[in-house]
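Close look at the chain arrangement
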Amino acid sequence: MEQKISEIKNIFQAAVLEELPAFIKTYEKDSRPGVAVFVKRAKKRLDDHERELLRTEKMKEYERKYESFSWICGIDEVGRGPLAGPVVAGAVILPKDCDILYLNDSKQLSEKKREELYAVIMEKAVAVGLGFVAPERIDQINILQATYEAMREAISKLDPQPDLLLNDAVTIPKVTIRQIPIIKGDAKSMSIAAASIVAKVTRDRLMVQYEEVYPGYGFASNKGYGAQVHLDALKKYGPTPIHRRSFIKNLL
């Protein structure tokens with residue numbers, strides 16, 4: 001008795017990646033257009049996975065180039081531009097030949113994908129460090145120096161301590177560990193991409209919590225950036241304790 005297309009659909013949807021070649025072999029000779037759709041989707045899933053494997057291998061370029069170092073750490077920050085909230089730096093040491101797929105610049109990923117990858121990174125990383133610099137400190141020393149401070153704090157929390165730093169574009173002052181600044185490093189290095197994701201998810205979660213403390217500014221959605229609802233609230237209610245006074249002085 002011929003299988004129903006709905007049954008074949010359920011088999012396809014339940015199939016893990018390793019089962020797709022067998023699925024294709026079983027159903028690719030089925031002449032029904034409805035079945036052909038699922039065979040085509042199965043092939044696309046395999047093709048997409050192969051492309052991701054190649055992209056991930058390319059993102060190991062710097063980790064392989066410096067593989068003689070014991071503990072390679074990727075560093076990135078989030079939150080330079082917002083009007084409110086801290087700047088957060090992430091520092092991540094991944095295991096050698098790390099196999100995490102879909103790591104990328106956190107801005108290129110959906111919120112759902114960032115959350116998924118955050119959980120995988122926290123499970124598989126050798127070490128993760130986070131650094132936070134509050135708005136009042138940003139006002140005191142400027143955002144660039146605050147970024148460096150957050151990065152130094154993130155590095156200090158790592159155990160083991162790294163012997164090489166892969167940085168997204170910058171060279172961090174007052175750090176004795178060897179540094180390799182990489183332009184657009186969060187899209188070129190797995191370690192920096194992982195640090196970018198960890199920092200982004202951490203800061204986003206914090207801004208969602210601030211929405212409950214300071215309602216009306218839209219922090220849960222705009223994360224402290226200058227969205228219209230945020231600017232309107234600033235004019236209506238004035239600044240909160242988490243606003244960067246040096247960033248908003250021309251807006252008030």
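Only a predicted model underlies this, so the values are computations on that prediction, with no experimental measurement involved.

Analysis parameters
- Residues numbered from 1 in each chain as written.
- Predicted model: local features only at pLDDT ≥ 70, side-chain atom pairs only at ≥ 80, totals over all residues.
- Heavy atoms only, no water.
- Helix = DSSP H or I, 4+ residues; strand = E, 2+ residues; numbered from the N terminus.
- Rg over C-alpha atoms; globule rule 2.2 N^0.38 Å.
- Buried < 20%, exposed > 50% of the residue type's maximum accessible area, 1.4 Å probe, protein only.
- Contact = heavy atoms within 4.5 Å.
- Areas by Shrake-Rupley, 256 points an atom, 1.4 Å probe, with all protein chains shown as cover.
- Expected span 1.5 Å × (residues − 1).
- Salt bridge = Lys/Arg side-chain N within 4 Å of Asp/Glu carboxyl O.

1. Digging into the overall build of the protein
A count of helical and extended segments in the protein gives 11 helices and 5 strands. For the protein, the C-alpha radius of gyration of 23 Å lies well beyond 18 Å, the compact-globule estimate for 252 residues. The C-alpha extent of the protein, read off along each of the three principal axes, is 75 × 50 × 25 Å. Sorting the 252 residues of the protein into buried and exposed places 47% on the buried side. The long-range fraction of contacts in the protein, counting pairs at least 24 apart against all pairs at least 6 apart in sequence, stands at 65%. As displayed, the protein offers around 13,300 Å² of accessible surface, 54% of which is attributable to carbon and sulfur atoms.

2. Let's talk about helix α3 (residues 33–58)
Note: α-helices contain 3.6 residues per turn, so residues at a spacing of three or four share the same orientation. Over its 26 residues, α3 runs 37 Å from end to end, which matches the ideal 38 Å to within 8%, given 1.5 Å per residue. Of all the positions in α3, only Val35, Phe38, Val39, Ala42, His49, Glu52 and Thr56 are classed as buried. Among the structural elements, α1 (5–14), α2 (20–27) and α8 (190–213) are those in contact with the buried residues of α3.

3. Some thoughts on the pattern of salt bridges
Between side chains of opposite charge, a pair can form when the charged atoms approach closely. Taken as a whole, this structure holds 19 salt bridges when the rule is applied. Note that Lys44 is salt-bridged to Asp48, the shortest N-O span being 2.8 Å. Here Lys44 pairs with Asp48, and both are found in helix α3, just 4 residues apart, close to one helical turn. With relative accessibility at 28%, the residue Asp48 sits in the partly exposed group. Where Lys124 meets Asp99, a salt bridge forms, and the shortest distance between an N and an O atom there is 3.0 Å.

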